[in-house]
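Descriptive structure summary
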Amino acid sequence: MLQAEGQRINLRAPDPLLDPARLDALRELDLLESAPQDSLSKLNDIASAVLGVPVSALSLISWDRQITAGMNGLIGTTEVLDTPFSHSFCHHVVRAGEPFVVEDSRKHPLVMDNLAVRDDEIIAYAGVPVRLENGECVGAFCACDHKPRRWTDADLATLGNLATIAVDVLELHRIKRDGGMRDTLTGLPRRALFTERVRSMLDSDEFAMGSVTVVAVDLQAFRLFNEAWGHEAGDKILTEVARRFRDTTGDPEAVCRVAGDEFLIANAGPEDAESFVGRLQQMLASPQIRIDGVDQPVSALFVATTSKPGVDAAELIDDALATLAATKTTATEQAIGPLAGPAMERLRLRNAISGAERRDELALHYQPLLDLQTGRVHSLEALLRWEHPELGSVSPVDFIPVAETTGAIVPIGEWVLRRACSDLANWRAEFPDIDVTVAVNVAPEQVRLPSFDAAVGAALDAAGLPPGALALEITERTILTDRPGERRTIDALQARGVDLHLDDFGTGYSSLGYLTRFPLDVIKIDRMFVSRIGTDERATALIAGIIAMAHSLGLQTVAEGIEDATQRDALTEMGCDFGQGFLFARPSPGDDVPDLLRQFGG
Ligand code: C2E
Ligand code: MG
Ligand code: MG
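Report on the accompanying structure. These figures come from a predicted structure and were not determined experimentally.

Looking at the side chain of Thr83
Mapping Thr83 onto the fold places it in strand β5 (residues 82-84). In contact with Thr83, not counting residues within four places along its chain, are Arg65 and Gln66.

Laid out in structure tokens, this is it:
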């Protein structure tokens with residue numbers, strides 16, 4: 001089912017740069033095709049003067065390029081300054097969603113190969129996020145130096161303050177652009193104008209005869225819809241929805257688009273809220289919206305608030321939006337009909353994965369990690385399998401990223417932990433002479449929860465296992481954010497005595513030196529490097545370097561994806577501690593593990 005025209009659909013983990021809401025906010029600024037703005041460049045002048053740096057800029061970050069919206073010390077003033085990511089430092093700020101600081105770019109793993117180092121002599125860099133009032137991070141405000149520089153907290157605070165002013169300038173720019181009062185796409189009043197309309201309703205005779213109702217609406221799964229059909233089709237839907245709401249009220253000033261796919265509609269008079277919402281729903285549903293010849297069933301979440309005496313217009317609107325926000329987080333999005341492409345697959349998976357652990361659709365397969373010197377089994381990695389009644393067998397590469405975005409990964413992850421621990425307890429009882437452990441993959445979303453350490457403890461206790469029997473495989477994504485919450489959990493797990501393995505090492509951005517600030521025990525060298533042994537000398541040299549460095553830092557190493565004897569022999573020669581791969585055994589169901597233990601145990 002996950003095949004489209006014979007091609008496997010790759011559902012990647014979400015990249016902040018590609019977030020549709022962020023790109024919408026960026027597009028709304030309408031600066032992507034513009035030359036740097038004088039008003040913003042003045043802020044960069046101030047940054048240069050206060051920090052004593054030759055270069056300061058405000059960069060807007062699109063999904064694949066950087067546009068300079070304000071600058072001091074760069075060449076070219078009247079042209080659009082459009083830079084590819086090969087020359088951009090600022091996109092790292094947006095990707096991380098937090099300040100990014102480089103003391104000497106020639107030594108920084110993330111930017112040492114950046115061409116701005118060579119072409120623009122950007123040696124030191126400090127950038128802070130430029131976050132609009134709606135929370136979307138659209139770019140970075142930065143300072144650069146042509147020589148190494150140690151940035152202070154005060155420097156970052158200055159940049160942060162200037163970025164805040166820059167946001168005001170950007171918001172003003174947007175308001176100025178559409179006259180401030182109307183949404184350019186739908187022609188609907190913006191919030192200020194709408195608030196005026198509600199105010200006049202509250203003051204009017206209609207109110208005296210009944211009440212004023214404000215309905216807040218959120219279109220369901222609209223982002224996914226946009227991804228599936230493209231933004232142009234998305235815009236057409238929004239325009240049509242706006243028209244239908246306007247027709248329902250018969251009052252063009254009583255409908256407002258507050259944000260991307262959120263609307264507000266006001267109604268005054270004797271009609272009660274329930275019947276008004278009913279009319280809106282009816283109007284949205286039929287006749288079915290048709291875009292470019294395709295039926296597009298659009299469904300929406302509606303919440304209504306009704307005026308009480310003494311409530312003013314702004315409060316009434318805030319109330320409606322707050323209720324909508326609260327409802328949205330609990331409402332499960334409904335499937336929205338015949339979509340196509342990866343977004344549709346993701347929608348279907350989103351709905352299907354939730355509760356899979358309760359419906360008995362999950363299973364664990366196990367793959368041994370062998371001691372390369374002795375050939376004996378050291379550990380078993382638990383790899384999750386999902387058998388869906390209709391979708392068939394779905395690969396973890398496809399459903400884990402989806403489960404991560406919906407939060408379904410948390411109960412699923414707990415199921416994996418408990419099952420892996422209880423399976424291991426059984427095998428340890430059956431093979432008391434083999435000191436085997438189990439390795440469980442965990443997602444960043446699990447580690448982020450303060451209760452994660454306790455869940456690990458409960459799984460071990462339930463199985464009667466000592467903490468040393470369990471290893472958790474985390475990826476760089478878990479620790480890169482370097483947030484105090486995750487850090488506390490990781491420290492607690494280490495204190496508990498659970499082993500921590502860093503999975504897929506080499507695919508991320510961090511240097512080994514950085515990673516060892518965390519209490520890791522083992523580094524798993526990604527399959528990508530292992531597969532190049534014998535054909536790419538640099539890969540071989542790199543692995544040898546990683547192993548030597550890991551050992552000098554007191555870490556053990558696992559090579560993933562060993563498929564042939566040449567790779568195994570080279571890795572053994574290099575002193576790699578453990579190996580895992582199809583050469584030894586493919587992942588197999590728990591029933592096969594006793595045979596594996598017999599084969600590799602003695
Ligand atoms: P991973 O943790 O890096 O797991 C190793 C993957 O490499 C497994 O894919 C395994 O089947 C595959 N593999 C092992 N040896 C070889 C080899 O010699 N050649 C090749 N080509 N592949 C090999 P699998 O089972 O499809 O899992 C994919 C990923 O899904 C895992 O990568 C892990 O990141 C994630 N995953 C699996 N189970 C769980 C889970 O319970 N929780 C979480 N959060 N993620 C999981
Ligand atoms: Mg793993
Ligand atoms: Mg791996």
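Resuming the write-up.
With respect to helix α16 (residues 452-463)
Compared with the 16 Å implied by 1.5 Å per residue over twelve residues, the 17 Å span of α16 between its first and last C-alpha is a close match. Buried residues in α16 make contact with α14 (409-430), α15 (444-447), β19 (470-474) and α18 (484-496). Backbone geometry just after α16 places Gly464 at a positive phi near 70°.

Considering the sheet that holds β5
Hydrogen bonding along the main chain pairs the strands of a sheet, whether they run parallel or antiparallel. Sheet architecture is open: six strands sit in the order β5-β4-β3-β8-β7-β6, paired in antiparallel fashion. Each edge of the sheet is formed by a strand with only one pairing partner; in this case those strands are β5 and β6 (100-102). Each strand of the sheet is rotated relative to its neighbour by a mean of 25°, with strand direction disregarded. With three bridges connecting them, β6 and strand β7 (residues 124-131) associate as antiparallel partners. Along β7, the bridge assignment pairs Phe100 with Gly127. Sitting on the sheet, helix α1 (residues 20-29) is in contact with β3 (55-61) and β8 (137-145), with an inclination near 75° to β8. Sitting on the sheet, helix α2 (residues 38-51) is in contact with β3, β4 (65-72) and β8, with an inclination near 70° to β4.

A word on the coordination of the magnesium ion (ligand 3)
The protein atoms donating to the magnesium ion (ligand 3) are Asp503 (OD), Asp504 (OD) and Glu560 (OE), with metal-donor distances spanning 1.9 to 2.3 Å. Here the donor residues for the magnesium ion (ligand 3) map to a single chain with the spacing D-D-x55-E. Metal-to-metal, the separation of the magnesium ion (ligand 3) and the magnesium ion (ligand 2) is 4.1 Å; Asp503 coordinates the two. Residue Asp504 is found in strand β20 (residues 499-505), and its partner Glu560 is found in the loop between β22 (556-559) and α22 (565-573); the two are separated by 56 residues along the sequence. Residue Asp504 is classed as partly exposed on the basis of its relative accessible area, which comes to 27%. With a relative accessible area of 10%, Glu560 lands in the buried category.

Details of α14
With 22 residues, α14 should cover 32 Å at 1.5 Å per step; its first-to-last C-alpha distance of 31 Å lies within 8% of that length. Along α14, the residues classified as buried are Ile409, Ile412, Gly413, Trp415, Val416, Leu417, Ala420, Cys421, Asp423, Leu424, Ala425 and Trp427.

Observations concerning the site of ligand 1
Around ligand 1, the structure places 23 residues, and the nearest of them are Arg385, Asn441, Asp503, Glu563 and Phe582. Phe582 places a main-chain nitrogen or oxygen 2.8 Å from an oxygen atom of ligand 1. The protein chains hide 83% of the 800 Å² of surface that ligand 1 would expose on its own. Mapped by element, the contributors of at least two residues to the shell around ligand 1 are β16 (377-388), α13 (396-406) and β20. By residue number, the principal contributor to the shell around ligand 1 is β16, which donates four residues.

Some words on the packing of α14 against α16
Two elements in contact, α14 and α16, have axes whose closest approach is 8 Å; the angle formed by their N-to-C orientations is 30°. The orientation of α14 relative to α16 falls into the category roughly parallel. Of the two elements, α14 crosses α16, and the hand of that crossing is right-handed. Contacts from Glu414, Leu417, Arg418, Cys421, Ser422 and Ala425 of α14 reach α16 at Phe452, Ala455, Val456, Ala459, Leu460 and Ala463. Split into classes, the residues belonging to the contact of α14 with α16 amount to nine nonpolar, one polar and two charged.

Let's talk about the pattern of salt bridges
Within the structure shown, the criterion is met by 26 salt bridges. The salt bridge involving Arg418 is made with Glu414; its shortest N-O contact spans 3.6 Å. Of this pair, Arg418 and Glu414 both sit in helix α14, separated by four residues, roughly a single helical turn. Taking the relative accessible area as the measure of exposure, Glu414 reaches 30% and is therefore partly exposed.

Let's talk about the coordination of the magnesium ion (ligand 2)
Distances from the magnesium ion (ligand 2) to its protein donors, Glu381 (OE), Asn441 (OD1), Glu473 (OE) and Asp503 (OD), fall within 1.9 to 2.2 Å. Between the donor residues of the magnesium ion (ligand 2), the gaps in sequence give the motif E-x59-N-x31-E-x29-D. Take Glu473: its relative accessible area is 1%, and that puts it in the buried class. Residue class for Asp503 comes out buried when judged on its relative accessible area of 7%.

Notes on the pairing of strand β21 (residues 522-525)
Residues Val522 and Lys524 point to one face of β21 and Ile523 and Ile525 to the other, with burial holding for every one of them. Where β20 and β21 come together, three bridges link them in parallel fashion. From the neighbouring strand, Phe505 faces β21, where its bridge partner is Ile525. Taken together, the four bridges between β21 and β22 define a ladder with parallel strand orientation. Across the sheet, Lys524 pairs through a bridge with Val558, a residue of β22.

Re the sheet that holds strand β10 (residues 255-259)
In spatial order, the strands read β10-β11-β9-β14; together these four strands make up an open sheet with antiparallel pairing. Looking at strand neighbours, the two that pair on one side only are β10 and β14 (300-306), the edges of this open sheet. Strand after strand, the sheet turns through a mean of 25° between neighbouring axes, direction not considered. Taken strand by strand, helix α9 (residues 231-249) contacts β9 (211-219), β10, β11 (262-269) and β14, and its axis lies near 5° from that of β11.

What to know about unusual backbone geometry
Of note in the backbone geometry, Asp360 takes a positive phi value of approximately 65° without being a glycine. By the secondary structure assignment, Asp360 is in the loop between α12 (342-353) and β15 (362-371). Phi is positive for Asp504, which is not a glycine, with a value near 55°.

Points about the packing of aromatic side chains
Using the criterion set out here, one finds six aromatic pairs in the structure. When the ring of Phe100 is compared with that of Tyr125, the centres are 5.9 Å apart and the planes differ by 50°; the resulting orientation is tilted. On the criterion of sequence distance, the pair formed by Phe100 in strand β6 and Tyr125 in strand β7 is long-range, its members being 25 residues apart. Assigned by exposure class, Phe100 and Tyr125 land together as buried. Summarising the aromatic geometry, the rings of Tyr366 and Trp427 are spaced 4.8 Å apart at their centres and angled 85° between planes, so their arrangement reads as edge-to-face. With Tyr366 in strand β15 and Trp427 in helix α14, this pair connects stretches of sequence that are 61 residues apart.

Quick word on the environment of Trp63
As for its position among the elements, Trp63 is in the loop between β3 and β4. With 41 residues separating them in the primary sequence, Trp63 and Arg22 have C-alpha atoms 9.6 Å apart. Once you skip the residues sitting within four places of it in the chain, Trp63 turns out to touch Leu17, Leu18, Arg22, Leu23 and Phe85.

Reading the values: rules and limits
Residues numbered from 1 in each chain as written. Chains lettered and ligands numbered in written order. Predicted model: local features only at pLDDT ≥ 70, side-chain atom pairs only at ≥ 80, totals over all residues. Heavy atoms only, no water. Helix = DSSP H or I, 4+ residues; strand = E, 2+ residues; numbered from the N terminus. Contact = heavy atoms within 4.5 Å. Expected span 1.5 Å × (residues − 1). Pairing = 2+ DSSP bridges. Axes fitted to C-alpha atoms, helices over the stretch in contact; angles between N-to-C directions. Donors = N, O, S within 2.8 Å, 3.2 Å for Na, K, Ca; no water. Buried < 20%, exposed > 50% of the residue type's maximum accessible area, 1.4 Å probe, protein only. Near = heavy atom within 4 Å. Polar contact = N/O pair within 3.5 Å; in protein donor to acceptor, adjacent residues only side chain to side chain. Areas by Shrake-Rupley, 256 points an atom, 1.4 Å probe, with all protein chains shown as cover. Parallel < 35°, antiparallel > 145°, perpendicular 65-115°, else oblique. Left-handed = near helix turned anticlockwise from the far one by under 90°. Nonpolar A, V, L, I, M, F, W, Y, C, P; charged D, E, K, R; others polar. Salt bridge = Lys/Arg side-chain N within 4 Å of Asp/Glu carboxyl O. Phe/Tyr/Trp six-rings, centres within 6.5 Å; stacked < 30°, edge-to-face > 60°.

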